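What the coordinates show
The chain contents come next:
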Amino acid sequence: MSGRPRIAVTGRIPDEGLAVLRDAGEVTAWDSLDVPTVEQVHDMVSGADAAVTLLTTRVDDAFLDAAGPQLKVVANVAVGYNNIDVAACARRGVVATNTPGVLTDATADIAMALILMATRRLSEGERVIRRETPWQWGMFYMLGTGIQGAQLGIVGMGEIGTALARRAKAFGMTVAYSNRREAPPEVERELDARRLSMDELLATSDVVSLNCPYSEATHHLIGAAELAAMKPTAFLVNTARGPIVDEAALVVALRNGTIAGAGLDVFEHEPAVNPGLLECDNAVLVPHLGSATNETRGAMARLAARNAVSVLTGSAPPTPIPVPAG
């Protein structure tokens with residue numbers, strides 16, 4: 001035994017993150033693009049001092065039991081942490097961390113792309129070309145909806161929501177938001193953003209974008225009643241977490257014309273997708289690509305590695321996850 005801390009990495013991450021970890025300890029890293037089984041994860045983390053996890057890794061009491069009492073830190077390579085039982089970690093003295101900030105622009109880009117794809121029917125148009133469906137330019141062929149002067153309603157005005165608002169304003173949209181707290185005054189002035197109640201935001205927005213964290217409180221935040229409250233010409237975009245939307249209700253709303261369309265980067269039971277969504281031409285569907293740029297994934301891996309190493313060396317991690325009260 002070398003005496004160096006043992007670090008388990010439960011999913012494949014960029015080399016720049018692994019390099020930071022290898023300088024600090026003995027690293028066991030999952031080296032496949034396939035997602036490891038629960039049993040494989042538990043075997044990897046057994047005896048580890050630090051675990052670097054992906055959002056596909058469930059960190060619960062069973063995980064912590066498998067790791068053992070020497071585990072000091074769980075460093076999640078994601079900004080969301082609904083895969084981690086933070087309270088269970090805290091009870092055992094295990095620090096949990098995430099990677100906020102570094103994926104803000106990449107995720108906001110995807111949200112803006114989904115807005116454009118859904119409103120301008122770009123996925124439908126691409127399918128016409130790829131399927132070699134006969135088509136001809138016409139005055140009324142595949143008309144979409146312009147977004148200039150349209151209201152973007154942002155649910156969750158955090159870093160990503162604010163970054164999306166800046167992009168939307170550049171495209172000529174107006175900005176409204178619903179949030180537990182008011183945005184900083186300078187942000188409201190910069191974006192000319194109005195804080196609305198959730199009910200008013202749903203009723204008045206032309207595009208509703210979900211940018212809030214996932215929790216018990218936001219599970220199925222958007223269901224049949226909320227979709228019915230939206231304009232029939234409105235679009236729903238979700239780049240946050242899939243279970244924030246009741247997918248079955250969304251399928252019904254898209255089929256019935258309750259709303260005009262949707263753009264989804266995340267899904268309620270991903271990687272599975274509700275078969276009804278696949279049948280909806282007015283749904284733009286992409287496979288959780290919010291942070292999927294080389295630059296962003298590298299920055300996420302480096303930050304997660306720094307979090308893990310900080311705890312192992314007795315320092316405060318850069319981005320700890322707050323421990324829930326009680």
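Structure's up top.
Below is a summary of the structure that appears in this document.

Focus: the overall build of the protein
When its secondary structure is counted, the protein shows 13 helices and twelve strands. The C-alpha radius of gyration computed for the protein amounts to 21 Å, which stays within 12% of the reference 20 Å derived for 326 residues, consistent with globular compactness. Principal axes of the C-alpha set define a box for the protein whose edges measure 75 × 50 × 30 Å. Buried residues in the protein amount to 48% of all 326 residues. At a minimum sequence separation of 6, the contacts of the protein that also span at least 24 residues come to 60%. Total accessible area on the protein is roughly 15900 Å²; 54% of this is exposed by carbon and sulfur atoms. Computed over 27 positive and 37 negative side-chain charges, the inter-centroid distance for the protein is 4 Å.

Quick word on helix H11 (residues 247-256)
Inspection of H11 places Glu-247, Ala-249, Leu-250, Val-251, Ala-253 and Leu-254 among the buried residues, and these make up the whole buried set. For H11, the elements touching its buried residues are helix H10 (224-229), strand S10 (235-238), strand S11 (261-264), helix H12 (275-278) and strand S12 (283-285). One side-chain oxygen of the residue at the start of H11 lies 3.2 Å from the amide nitrogen of Ala-248, identifying that residue as Asp-246.

Concerning the pattern of salt bridges
For the structure on display, the rule yields 15 salt bridges. Between Glu-16 and Arg-302 there is a salt bridge whose closest N-O contact spans 3.4 Å. Taken as a pair, Glu-16 in helix H1 (residues 15-24) and Arg-302 in helix H13 (residues 294-312) lie far apart in primary sequence, 286 residues in all. Judged by its relative accessible area of 33%, Arg-302 is partly exposed. The closest approach of N and O atoms between Asp-65 and Arg-92, which form a salt bridge, is 2.8 Å.

Points about the packing of aromatic side chains
Enumeration according to the criterion identifies one aromatic pair in this entry. Taken together, a centroid distance of 6.5 Å and an interplanar angle of 15° make the contact between Trp-135 and Tyr-141 stacked. On the basis of relative accessibility, which here comes to 52%, the residue Trp-135 falls in the exposed class.

Comments concerning the sheet that holds strand S5 (residues 95-97)
If you trace the five strands from one edge of the open sheet to the other, you get S2-S1-S3-S4-S5, paired in parallel fashion. Lying at the two open borders of the sheet, with one neighbouring strand each, are strand S2 (26-29) and S5. Each strand axis lies, on average, 15° off the axis of its neighbour in the sheet, ignoring direction. As defined by bridge partners, strand S1 (residues 6-9) adjoins S2 across four bridges and the pair is classed as parallel. Paired with Val-9 across the strands is Ala-29, a residue of S2. Packed onto the sheet, H1 meets S1, S2 and strand S3 (50-53) and runs at close to 145° relative to S2. Its contacts with the sheet put helix H2 (residues 38-45) on S1, S2 and S3, and the angle it makes with S1 is roughly 165°.

Re the sheet that holds strand S6 (residues 151-155)
The parallel open sheet is built from seven strands, whose spatial order is S8-S7-S6-S9-S10-S11-S12. Of all strands in the sheet, those with a lone pairing partner are strand S8 (194-195) and S12, marking the two edges. Bridge count between S10 and S11: four bridges; the pairing is parallel. Residue pairing for S11: Val-237 is matched across the bridge by Gly-263. The strands touched by H11 are S10, S11 and S12; relative to S11, the strand with the most contacts, the crossing angle is about 140°.

Considering H1
Gly-17, Leu-18 and Leu-21 are the residues of H1 that are buried. Down the axis of H1, the smallest arc covering the buried residues is 95°, so these residues share one side. Facing away from the buried surface of H1 by more than 90 degrees, the exposed residues are Asp-15 and Asp-23. At its buried positions, H1 is contacted by S1, S2, S3 and H13.

What counts, and at which threshold
- Per-chain numbering applies: the sequence of each chain, read as written, is numbered from 1 onward.
- A pLDDT threshold of at least 70 governs which residues receive local features in this predicted model, and a stricter bar of 80 or more applies before side-chain atom pairs are shown or counted, although totals over entire chains, interfaces and linings include all residues.
- The side-chain figures draw on all heavy atoms in the structure; neither hydrogens nor water molecules are used.
- Under the DSSP-based scheme used, a helix requires at least four consecutive residues in state H or I and a strand at least two consecutive residues in state E, with every element numbered from the N terminus.
- Computation of the radius of gyration draws on C-alpha atoms alone. For the globule rule, the value is 2.2 Å times the number of residues to the power 0.38.
- Per-residue accessibility, obtained with a 1.4 Å probe over protein chains only, is compared with the maximum for each type, and a residue is labelled buried under 20%, exposed over 50%, and partly exposed between these values.
- Residues are treated as being in contact if the distance between any of their heavy atoms lies within 4.5 Å.
- Only the protein chains shown count as cover for residues, and all accessible areas are computed by the Shrake-Rupley method using a 1.4 Å probe.
- By the counting rule applied here, Lys and Arg register as positive and Asp and Glu as negative, while His and the ends of each chain are not counted.
- Every charge is mapped to an atom, namely NZ of Lys, CZ of Arg, CG of Asp or CD of Glu.
- Pairs of N or O atoms are called polar contacts if they sit within 3.5 Å, as long as, within protein, a hydrogen donor faces a hydrogen acceptor (for residues adjacent in sequence, only side-chain-to-side-chain pairs).
- The rule for a salt bridge is simple: a side-chain nitrogen of Lys or Arg has to be within 4 Å of a carboxyl oxygen of Asp or Glu.
- We call Phe, Tyr and Trp rings a pair once their centres come within 6.5 Å, taking the six-membered ring for Trp, and we label the pair stacked below 30 degrees between planes, edge-to-face above 60, and tilted otherwise.
- In this analysis, strands are considered paired if DSSP registers two or more bridges between them.
- The axes are straight lines fitted to the C-alpha atoms, using for helices just the contacting stretch, and the angles between their N-to-C directions are given from 0 to 180°.
- Picture the helix axis, draw a direction to every C-beta atom, and the arc is the one those directions span.

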